[in-house]
Amino acid sequence: MAFVSFPDGFEWGAATAAYQIEGAAYEDGKGLSIWDVFCRQPGRVQGGDSGDVACDHYHRFRDDVALMAELGLQAYRFSISWPRVIPFGAGEVNESGLAFYDRLVDELLAAGIRPTPTLYHWDLPQALQDRGGWADRDTALRFADYAALIFDRIGDRVTRWITHNEPIVTSMAGYRTGVLAPGIRDLAITARAVHHLLLSHGLAVRAFRAAGRAGEIGLTNANTSYEPADERPETAAALELARDFDTRLFHDPIYGRGYPTSVLRYYESKGAPFPIEADDLDAIAAPTDFLGVNLYTRRRVLPDASRSVGFDMAEPTLPLTDMGYEAAPHALGDFVDFVSAEYGQPTIYVTENGVADDSAPVAGRVDDQPRIRLLRGFLAGLAGAIERGADVRGYYVWSLLDNFEWAYGYSKRFGIVWTDYQTQARIPKESARFYSEVIRSNGVVL
Ligand code: IFM
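For the structure given in this document, a descriptive report is provided here. (Residues numbered from 1 in each chain as written. Predicted model: local features only at pLDDT ≥ 70, side-chain atom pairs only at ≥ 80, totals over all residues. Heavy atoms only, no water.)

**Some points on the pairing of strand S9 (residues 347–352)**
Extensive coverage of S9 is indicated by the burial of six of its six residues. One ladder, built from four bridges, connects strand S7 (residues 290–303) with S9; its direction is parallel. Paired with valine 293 across the strands is valine 350, a residue of S9. Sheet topology note: the S9/strand S10 (residues 391–398) ladder contains four bridges and is parallel. By the bridge assignment, threonine 347 is partnered in S10 with aspartate 391. In terms of handedness, the path from S9 via helix H14 (residues 369–387) over to S10 forms a crossover that is right-handed. (Buried < 20%, exposed > 50% of the residue type's maximum accessible area, 1.4 Å probe, protein only. Helix = DSSP H or I, 4+ residues; strand = E, 2+ residues; numbered from the N terminus. Pairing = 2+ DSSP bridges. Right-handed = clockwise from strand over helix to strand, strands pointing away.)

Quick look at the structure:
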């Protein structure tokens, strides 16, 4: 048995998102989001599920914060529902919605837990989607207004902000493959969405600096740790292409490098140019304070000349989790090594990492050993990356609670706390106890 410790002051948290846990989809003046609409379209979400009630966190947040405190959490990442606070995305502000986030922030602070809000975790006001959503440049401008409103309202108490959660998923799954809301499949619209998402991030960062609030702000993306499937030089080239289309597409512009040429060429060759206007790239590169890293797995890359992108993914070789992801404990440390070296050792928070595992209660106990095993490995890898020089300051497990897993409905359970969707009872799983001990000892036993 070995004990791997984390640096003093390392911060341990858990993450959730508004649509996945809040419920109260039609209460207190909240406007419609694209997810309210998407869930009602037949065949879009497994089991016809929706976030109408979800974990009912909107009504139970005080109990949930008390549970976080019992677990010893030091930080809590949640998202703000844009249509809850600005029902039509622009214009009229919903005071009851703002008051909810006021109360949540106060409750967290009273429990000694750092609030870490994400401004956008996929629930765009439907009124903005009706005008084109992220394909429309105006959405980026409205996002900056919304961000300024939130900075103004809770910026006196919040010291860590995330602009967007996973713009790669918002754009690719929302507008290219159409598996997530708004369910569009169009490459030209995807290119516009990518650019306007990043632009909105940059404009929000500028609004944050203009507001003169203390604290740090950054963007969180979804990442995969790519590995070459074999030792051939053409595989090494394919690996770099995969990184261009994934990590670099969303990180290079943030770090002032513009879009990767390979990606721009691909989109242009398909008649889907990025709608870049003067000053956009400067706005997108507005200096941030940290990089948020979400990571769940690795993928192995192969060259594939028959595909216009020039690469493909090899078949998995590791056991799969309930999400069908390879159980690759080394992936987190590997990715952090890569991204840290690639962008000059930025400050990093791991803003999501976790495991889908459907271990269920037996006599009131949820013994989710597969999750614990994988979390242990992820954390050991992360400690290694820190040891090798990455500036990682904190980690948020995904997720605090089992919740609405988007197109999978309630069929996937990522929580360290079991949610009984019938009674809304919460049962901390064995992984919650494991995580509490990680926090208490600031390290992990291997
Ligand atoms: O549930 C999602 C979350 O909303 C975004 N990142 C990945 C999680 C697990 O799939």
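**Section: the packing of aromatic side chains**
Considering all chains together, one arrives at 40 aromatic pairs under this definition. On the numbers, 6.0 Å between centres and 85° between planes, the contact of tryptophan 12 with tyrosine 435 is edge-to-face. Of this pair, tryptophan 12 sits in strand S2 (residues 11–15) while tyrosine 435 is found in helix H15 (residues 430–441), placing the two residues 423 residues apart along the sequence. One exposure class covers both tryptophan 12 and tyrosine 435, and it is buried. Among the aromatic side chains, those forming a connected cluster through ring pairs are Tyr19, Trp35, Phe38, Trp122, Phe404, Trp406, Tyr410 and Tyr421. Just above the ring of tyrosine 349 sits the side chain of arginine 160; from NZ or CZ to the centre is 3.9 Å. Cation over ring: arginine 243 sits above phenylalanine 338, and NZ or CZ is 4.2 Å from the ring centre. (Phe/Tyr/Trp six-rings, centres within 6.5 Å; stacked < 30°, edge-to-face > 60°. Lys NZ or Arg CZ within 6 Å of the ring centre and 35° of its normal.)

**A short note on the site of the ligand**
Residues in contact with the ligand, as listed here, are Gln20, His121, Trp122, Asn165, Glu166, Tyr296, Met323, Glu352, Trp398, Glu405, Trp406 and Phe414. The separation between an oxygen atom of the ligand and a polar side-chain atom of glutamine 20 is 2.7 Å. Histidine 121 is positioned with one of its side-chain polar atoms (N or O) 2.7 Å from an oxygen atom of the ligand. Its residues placed into classes, the shell around the ligand shows six nonpolar, three polar and three charged. (Near = heavy atom within 4 Å. Polar contact = N/O pair within 3.5 Å; in protein donor to acceptor, adjacent residues only side chain to side chain. Nonpolar A, V, L, I, M, F, W, Y, C, P; charged D, E, K, R; others polar.)

**Regarding the nonpolar core**
Core analysis: the biggest nonpolar cluster contains 134 residues, and Trp35, Leu382 and Tyr395 have the highest contact counts within it. At twelve residues, helix H9 (residues 187–211) tops the list of elements feeding residues into this core. If we ignore the near neighbours within four places in the chain, the residues touching tyrosine 395 are Phe10, Glu11, Trp12, Gly13, Leu332, Val350, Asn353, Leu375, Leu379, Leu382 and Tyr435. Counting residues in each nonpolar core, the second largest holds twelve residues, with Ala15, Ala75, Tyr296 and Ala356 among its members. (Core = buried A, V, L, I, M, F, W, Y, C linked by side-chain atoms within 4.5 Å. Contact = heavy atoms within 4.5 Å.)

**Some remarks on the pattern of salt bridges**
On inspection of all chains with the given rule, the structure shows 44 salt bridges. Put simply, arginine 142 and aspartate 138 hold a salt bridge, and the shortest N to O gap is 2.5 Å. Taken together, the residues span about one helical turn, with arginine 142 and aspartate 138 both in helix H7 (residues 137–154) at a distance of four residues. Given the relative accessible area of 23%, aspartate 138 is considered partly exposed. Arginine 257 is the salt-bridge partner of aspartate 252, the closest N and O atoms lying 3.8 Å from each other. A residue is classified by how much of its surface remains accessible, and aspartate 252, at 7% relative accessible area, is buried. Judged by relative accessible area, arginine 257 falls into the partly exposed class, the value being 43%. Residues joined in a network through salt bridges with shared partners are Glu240, Arg243, Asp244, Arg248, Asp252, Arg257 and Glu342. (Salt bridge = Lys/Arg side-chain N within 4 Å of Asp/Glu carboxyl O.)

It is worth stressing that arrangement in space is one thing and function is another; only the former is reported here.
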